[in-house]
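# Observations on the model geometry
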Amino acid sequence: MTVIVSPSILSADYLNLQRDVENLKEAGAQYLHIDVMDGMFVPSISYGPNWVSQLKKVTDLVLDVHLMVVNPERYIQTFIDAGSDIIGVHQESTPHIHRALQMIKNAGIKAEVVINPGTALENIYPVLHMVDQVLIMTVNPGFGGQKFLPETLVKIKTLSEYKKAHNLSFDIEVDGGVNNNTAQQSYDAGANVFVAGSYIFNGDVKNNLQTLLNIK
Ligand code: DX5
Ligand code: ZN
């Protein structure tokens, strides 16, 4: 499986964001993970669509936008217009996940469904045929720097087997507590897109990113 690394800018230096993004690109990152938090769906407040449009101006990295907001349908069009390449919506954030994903797909960009550690995988089966990516949260969302929850590995494995059995072609992304060890475990279970914030930014960015890119 092709490994893709999506560094989370939640751990970047906001006052030197352009420098950090250029370094990530130089080090081989393919995506940029943008965590949008509204203080409602998750306790933290982070940044909104204007960050996406600013980043779009300075980088050609794939903008991988993770919406942690209530009523995501209200914001999807704004994030599309801002230049998102992938938009992820939590199954738990709307009673209309199918409609939310349809809105993203209709814009011709990649649609992703996201599930929390406490949500059963079966809840997203009805929309798997329409997504380009599934994000299995490996921590409870809201903060960087948390510990990877090992019980999420079985979910990755089950999803990967379901994908094969049903001839589906989405990527499987993991987010939260991803480091060299947990990325390897996730890869072995069937994930190929790694979000990492604290692991990449604590220490030598280039080295840490390369370690994730070399997982096989
Ligand atoms: C958590 C966010 C993550 C976060 C990951 O709610 O969705 O993307 O930035 O941070 P680390 O890699 O430090 O766990
Ligand atoms: Zn995220």
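Everything that follows concerns the structure shown earlier in this document.
Summary of the structure given here. Counting starts from 1 at the beginning of each chain's written sequence and moves along it residue by residue. Written order determines the labels here, with chains lettered from A and ligands numbered from 1. Confidence filtering applies because this is a predicted model: local features only for residues at pLDDT of at least 70, side-chain atom pairs given and counted only at 80 or more, and all residues used for totals across whole chains, interfaces and linings. Side-chain calculation: all heavy atoms of the structure are included, whereas hydrogens and water are not.

## Some points on the site of ligand 1
For ligand 1, the set of nearby residues contains 20 residues, the closest of which are Ser-8, Asp-35, Gly-142, Asp-175 and Ser-198. Each polar contact in these results corresponds to two N or O atoms within 3.5 Å; when the atoms are within protein, one needs to be able to donate a hydrogen and the other to accept it, and residues that are neighboring in sequence are counted only if both atoms are side-chain atoms. At 3.3 Å, a side-chain N or O of His-66 approaches an oxygen atom of ligand 1. Within the backbone of Gly-142, one N or O atom sits 2.7 Å away from an oxygen atom of ligand 1. All accessible areas in this document rest on Shrake-Rupley with a 1.4 Å probe, and a residue is counted as covered only by the protein chains that are shown. Look at ligand 1: alone it shows 380 Å² of surface, and the protein chains cover 100% of it. Grid spacing is 1 Å over the protein atoms alone, the probe is 1.4 Å, and a cavity is where that probe fits but cannot get out, while a pocket is an open set with protein on both sides within 12 Å along at least five of seven lines and lining residues have an atom within 4 Å of a point. If over half the atoms of a molecule are within 2 Å of the grid points of a cavity or pocket, the molecule is regarded as sitting in it. Judged by the proximity of its atoms to the pocket grid, ligand 1 belongs to the largest pocket. Labels follow the DSSP assignment, with helices taken as runs of H or I lasting at least four residues and strands as runs of E lasting at least two, numbered in each case from the N terminus. Every element with two or more residues in the shell around ligand 1 is listed here: β2 (31-37), β3 (62-68) and β8 (193-196). Each residue is assigned to one class: nonpolar for Ala, Val, Leu, Ile, Met, Phe, Trp, Tyr, Cys and Pro, charged for Asp, Glu, Lys and Arg, and polar for all the others, Gly among them. Of the residues contributing to the shell around ligand 1, the split by class is eight nonpolar, 10 polar and two charged. Any residue with at least one heavy atom within 4 Å of a molecule or strand is counted as near it.

## Observations concerning the side chain of Ser-93
Along the chain, Ser-93 turns up in the loop between β4 (86-90) and α4 (97-106). With relative accessibility at 10%, the residue Ser-93 sits in the buried group. A distance of 2.8 Å separates a polar atom in the side chain of Ser-93 from the backbone oxygen of His-90. Leave out the neighbours within four places in its chain, and Ser-93 touches Phe-41, Val-69, Val-70, Asn-71 and Pro-72. Only protein chains enter the calculation, and the probe is 1.4 Å; a residue is then buried if its accessible area is under 20% of its type maximum, exposed if over 50%, and partly exposed in between. The contact definition used throughout considers only heavy atoms, calling two residues in contact when any of these lie within 4.5 Å.

## A closer look at the environment of Leu-32
Structurally, Leu-32 is set in strand β2. Distance from Leu-32 to Ile-156, taken between C-alpha atoms, is 22 Å for residues 124 residues apart in sequence. Excluding its chain neighbours within four sequence positions, the residues that come into contact with Leu-32 are Ser-6, Pro-7, Ile-9, Val-21, Leu-24, Leu-55, Thr-59, Leu-61, Val-62, Leu-63 and Asp-64.

## Details of helix α5 (residues 153-165)
In this model, α5 (13 residues) spans 18 Å end to end at C-alpha, consistent with the 18 Å of a helix rising 1.5 Å per residue. Summarising the contacts, the buried residues of α5 are in contact with β5 (110-115), β6 (133-137), β7 (171-175) and α6 (180-189). Trailing α5 by a residue or two, Asn-167 shows a phi angle of about 55°, which is positive. Expected span, for any helix, means 1.5 Å times one less than how many residues it has.

## As for the packing of aromatic side chains
For this analysis, a ring pair means two rings from Phe, Tyr or Trp (six-membered ring only for Trp) whose centres lie within 6.5 Å, classed as stacked if their planes differ by under 30 degrees, edge-to-face if by over 60, and tilted for the remaining angles. Overall, the coordinates contain four aromatic pairs when judged by the stated rule. Between the aromatic rings of Tyr-14 and Trp-51, the centroid separation amounts to 5.0 Å while the plane-to-plane angle is 80°, which identifies the pairing as edge-to-face. You can see Tyr-14 sitting in the loop between β1 (4-7) and α1 (17-26) and its partner Trp-51 sitting in helix α2 (residues 49-58), a full 37 residues away along the chain. The exposure class assigned to Tyr-14 is partly exposed, which follows from its relative accessible area of 36%. For Trp-51, a relative accessible area of 23% puts it in the partly exposed group. Ring pairs connect the aromatic residues Tyr-14, Tyr-47 and Trp-51, which therefore count as one cluster. Charges are assigned to positions over rings by a cutoff of 6 Å between ring centre and Lys NZ or Arg CZ, combined with an angular limit of 35 degrees from the ring normal. The ring of Phe-170 is capped by Lys-163, whose NZ or CZ atom sits 5.6 Å from the centre of that ring.

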